[in-house]
Amino acid sequence: MHLDPFVAVDGLPFTTTPQQLRERLGPPHSESRSTIELNELDYGDVVYRFQDGGRLEEVTQRADVVHLGSVAVPFFALEGFIAEHDPDHFERAGFIVSPKYGLAFVPNPSRWVTALAAHCIGTWRDMAA
């Protein structure tokens, strides 16, 4: 995963609409409504979540390595990296959330990492701890 926090994931900007995503990647494997009321477009190895109005909220994918600018962080080292480099990180619902890097993940072997749009950080903070 190449993350430009709050700007783009793997070169796909957070300004991308569902239609633009379909034009770029083709039809998703599946579409559904998430438990947090977002529209999910599932491409198998990556899931894009949009608000009803078409604003991209989250991009979740398996990541053996997370690239943050010129730094490459293996998933197994991500928890320690965030603890060291983002003093504002916090935990919610088992996820480690990094406001500095705009990501959330559960530190387990599944290696799923969620890149967040900037406006999502407040929602994560407001969740019960």
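Remember, it's a predicted structure, so these values are computed and weren't measured experimentally.

Engineer: Would you mind showing me how to read the overall build of the protein here?
Structural biologist: Helix and strand content of the protein: 3 helices and 13 strands. Each of the three principal axes of the protein carries a C-alpha extent, and together these read 40 × 30 × 25 Å. Residues classed as buried in the protein amount to 43% of the 129 residues present. Sequence separation of 24 or more characterises 42% of the internal contacts of the protein that already satisfy a separation of 6 or more. Carbon and sulfur atoms make up 53% of the accessible area of the protein, which totals about 6800 Å². Looking at charge distribution, the protein has the averaged site of its 10 positive side-chain charges lying 1 Å from that of its 18 negative ones.

Engineer: Help me understand the pattern of salt bridges in this model?
Structural biologist: Two side chains carrying opposite charge are able to pair once their charged atoms lie near each other. Counted according to the given criterion, the structure contains 7 salt bridges. Its salt-bridge partner being Glu 40, residue Arg 49 comes within 2.8 Å of it at the nearest N-O pair. We classify Arg 49 as buried; its relative accessible area is 13%. What makes Glu 40 buried here is its relative accessible area of 18%. Among the ionic pairs, Arg 55 bridges to Glu 57, the shortest N-O distance being 3.5 Å. On the basis of relative accessible area, Arg 55 is assigned to the partly exposed category, the value being 41%. One connected set of salt bridges, linked through shared partners, spans Arg 33, Glu 37 and Asp 52.

Engineer: Help me out: how do you make sense of the sheet that holds strand β10 (residues 90-92) in this one?
Structural biologist: Taken together, 8 strands build an open sheet; the order of strands is β4-β5-β6-β7-β13-β12-β11-β10 and the sheet is antiparallel. Here the strands that pair on one side only, and so sit at the sheet edges, are β4 (30-33) and β10. For this sheet the average axis-to-axis angle between neighbouring strands, irrespective of direction, equals 25°. Strand direction decides the pairing type here: strand β7 (residues 56-62) and strand β13 (residues 112-116), joined by 5 bridges, are antiparallel. Pairing of Val 59 across the sheet is with Ala 115, part of β13. Sitting on the sheet, helix α2 (residues 75-85) is in contact with β11 (95-98), β12 (103-105) and β13, with an inclination near 120° to β12.

Engineer: Which parts of the structure should I look at to understand α2?
Structural biologist: Working note: α-helix, 3.6 residues per turn, so residues spaced by three or four point in the same direction. Taken as a whole, α2 has its buried residues at Phe 75, Leu 78, Phe 81 and Ile 82. Projected down its long axis, α2 shows its buried positions confined to an angular sector of 100°, all on one face. Facing away from the buried side of α2 by more than 90 degrees, the exposed set consists of Phe 76 and Glu 84. Buried residues along α2 sit against β8 (65-68), β9 (71-74), β11, β12 and β13.

About the criteria used
- Residues numbered from 1 in each chain as written.
- Predicted model: local features only at pLDDT ≥ 70, side-chain atom pairs only at ≥ 80, totals over all residues.
- Heavy atoms only, no water.
- Helix = DSSP H or I, 4+ residues; strand = E, 2+ residues; numbered from the N terminus.
- Buried < 20%, exposed > 50% of the residue type's maximum accessible area, 1.4 Å probe, protein only.
- Contact = heavy atoms within 4.5 Å.
- Areas by Shrake-Rupley, 256 points an atom, 1.4 Å probe, with all protein chains shown as cover.
- Lys, Arg positive; Asp, Glu negative; His and termini not counted.
- Charge placed at Lys NZ, Arg CZ, Asp CG, Glu CD.
- Salt bridge = Lys/Arg side-chain N within 4 Å of Asp/Glu carboxyl O.
- Pairing = 2+ DSSP bridges.
- Axes fitted to C-alpha atoms, helices over the stretch in contact; angles between N-to-C directions.
- Arc of directions from axis to C-beta.

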